[in-house]
Amino acid sequence: AERYDMRHFVDAVHTGLLRALTRLRFPAVPSPRLIATFHQPKAILEELVAEPSWLRAFDAIHLLAPDQADYLAGHAESKKILCIPLGIAQNQIDANARDLPTNPIPEALPAHLSDKTLVLTVGAWLRDFDQLLETAKLLESRENIVLVIVSKNLELDLESAANVHLLNQGVSEADLQALYRRAALFFLPLRDGAANTALLDAMTHGLPIVSTDIPAVDFYSAGLASTAPGDPIALAALIEKTLEEHRDSKCREDLSQALRKRAASLSWERVAHRMFEQLYLPLLEGRTLSEVIQRQTDTPVVHAMETNA
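Definitions and cut-offs
- Residues numbered from 1 in each chain as written.
- Predicted model: local features only at pLDDT ≥ 70, side-chain atom pairs only at ≥ 80, totals over all residues.
- Heavy atoms only, no water.
- Helix = DSSP H or I, 4+ residues; strand = E, 2+ residues; numbered from the N terminus.
- Buried < 20%, exposed > 50% of the residue type's maximum accessible area, 1.4 Å probe, protein only.
- Contact = heavy atoms within 4.5 Å.
- Pairing = 2+ DSSP bridges.
- Axes fitted to C-alpha atoms, helices over the stretch in contact; angles between N-to-C directions.
- Phe/Tyr/Trp six-rings, centres within 6.5 Å; stacked < 30°, edge-to-face > 60°.
- 1 Å grid on protein atoms, 1.4 Å probe; cavity = no way out; pocket = protein on both sides within 12 Å on 5 of 7 lines; lining within 4 Å.
- Points joined across faces, edges and corners; volume = space filled by probe spheres on them.
- Nonpolar A, V, L, I, M, F, W, Y, C, P; charged D, E, K, R; others polar.
- Polar contact = N/O pair within 3.5 Å; in protein donor to acceptor, adjacent residues only side chain to side chain.

## Notes on the overall build of the chain
Argument step 1. From N to C terminus, the chain includes twelve helices and eleven strands.
Argument step 2. Burial statistics for the chain: of 309 residues in total, 49% are counted as buried.
Argument step 3. Sequence separation of 24 or more characterises 68% of the internal contacts of the chain that already satisfy a separation of 6 or more.

Okay, here's the thing in structure tokens:
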């Protein structure tokens, strides 16, 4: 591995930390530059990184949300820390921007819900389902509103939640995209978070977003998501307010276009360019991008990306 200029651990809480420890224990041994990407929010990083002093062995630390830096303060030099967002596949952006029917009926959706106003939640990781159920109770008087959850193997007590429908075995990709198109609003109740692929997916559809107020949501949506503290009363009021505002087709279209534009700015092509310029080039001892590309003809790989299986 020493033939590489650098090694980038894209899930650094595992093998990346062991490599950092090796570097600290054997500083005389030649080593490529080490880059670490951390996906987890601050509270989880505190649990996973048992010895934060190892972080000083990395030459660059890549974060996916700005508030993750709160954990690193005091453990790594600030000049080594860069926040570059998670990207979105260009084909996904293009597919969701096509002029398709806005209200397709997904096969996974029961017929009796086809005329309801759908508030969609997707995923499970760090979602606050207690918050969601309490919010749903406060919306029960709005008989036209149904909260639809798409996830897998959740254990939720829905006996008293008549306005919540759970698709608990996952759905096909086609049905998932149809649900995004059919929904009136995307609801993301969170306990914590950094990058969130469901949020990005909602943005590519231009779907209005209501979420718990955490820094990562504001960072990825560029302030276009409507957020409230983790309080069901505030979230229920915000859902009602957002649905009412977007009954106006121009208001809805303006927001949809802004969300899609923000999603396009996060295409992997653009994010990869930022990663190369901000993460890699500063570690290449002053070489320019053209020099690095030229050198690729002489060496097998300029940088290696690793993740644990």
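## Here's the deal with the sheet that holds strand S6 (residues 145-150)
Argument step 1. Taking strand neighbours across the sheet as the criterion, the six strands line up as S7-S6-S5-S8-S9-S10 in an open arrangement whose pairing is parallel. Unpaired on one side and paired on the other, strand S7 (164-167) and strand S10 (226-228) mark the two borders of the sheet. Adjacent strand axes in the sheet meet at a mean angle of 25 degrees, parallel and antiparallel pairs treated alike.
Argument step 2. In the sheet, strand S5 (residues 117-122) pairs with strand S8 (residues 185-188) via two bridges, with the strands oriented parallel. Bridging across to S8, leucine 120 finds its partner in phenylalanine 186.
Argument step 3. In the packing of helix H5 (residues 129-138) onto the sheet, contacts are made with S5, S6, S7, S8 and strand S9 (209-212), and the angle to S6 comes to roughly 165 degrees.
Argument step 4. Contacts from helix H7 (residues 197-204) reach S5, S8 and S9, with the element oriented near 165 degrees to S8.

## Brief notes about the packing of aromatic side chains
Argument step 1. Within the structure shown, the criterion is met by four aromatic pairs.
Argument step 2. Judged by centre distance (6.5 Å) and plane angle (85 degrees), the ring pair of phenylalanine 38 and phenylalanine 58 falls under edge-to-face. You can see phenylalanine 38 sitting in strand S2 (residues 33-38) and its partner phenylalanine 58 sitting in the loop between helix H2 (42-48) and strand S3 (60-63), a full 20 residues away along the chain.
Argument step 3. Between phenylalanine 219 and tyrosine 220, the ring centres sit 5.1 Å apart and the planes meet at 80 degrees, which makes this aromatic pair edge-to-face.
Argument step 4. Phenylalanine 219 gets classed as partly exposed once you look at its relative accessible area, which sits at 22%.
Argument step 5. The exposure class of tyrosine 220 is buried, given its relative accessible area of 0%.

## Examining the layout of surface pockets
Argument step 1. There is about 240 Å³ of room inside the second largest pocket.
Argument step 2. For the lining of the second largest pocket, the secondary-structure elements that each account for two or more residues are helix H6 (173-182) and H7.
Argument step 3. At four residues, H7 tops the list of elements feeding residues into the lining of the second largest pocket.
Argument step 4. Residue classes in the lining of the second largest pocket are distributed as eleven nonpolar, five polar and two charged.

## Here we look at the pairing of S3
Argument step 1. Neither face of S3 is exposed, since Ala60 and His62 on one face and Ile61 and Leu63 on the opposite face are all buried.
Argument step 2. Sheet topology note: the S2/S3 ladder contains four bridges and is parallel. Opposite threonine 37, over in S3, you have histidine 62 as the bridge partner.
Argument step 3. Here S3 pairs with strand S4 (residues 81-83) via three bridges, running parallel. Within S4, the residue paired with leucine 63 across the bridge is cysteine 83.

## Some remarks on unusual backbone geometry
Argument step 1. Here the phi dihedral of leucine 126 falls at roughly 65 degrees; this positive angle occurs in a residue that is not glycine.
Argument step 2. Its location among the elements puts leucine 126 in the loop between S5 and H5.
Argument step 3. Using a relative accessible area of 7% as the deciding quantity, one classes leucine 126 as buried.
Argument step 4. One non-glycine residue, alanine 222, lies in the positive phi region at around 55 degrees.
Argument step 5. In this fold, alanine 222 is placed in the loop between helix H8 (215-221) and S10.

## Digging into the environment of asparagine 196
Argument step 1. Among the secondary structure elements, asparagine 196 is positioned in the loop between S8 and H7.
Argument step 2. Judged by its relative accessible area of 10%, asparagine 196 is buried.
Argument step 3. In this structure the C-alpha to C-alpha distance between asparagine 196 and tryptophan 125, which are 71 residues apart in sequence, comes to 9.1 Å.
Argument step 4. In this structure asparagine 196 touches Arg127, Leu188 and Leu190, once residues within four positions along its chain are discounted.
Argument step 5. Within the local environment of asparagine 196, its side chain forms a polar contact with the backbone nitrogen of leucine 199, the two atoms lying 3.0 Å apart.

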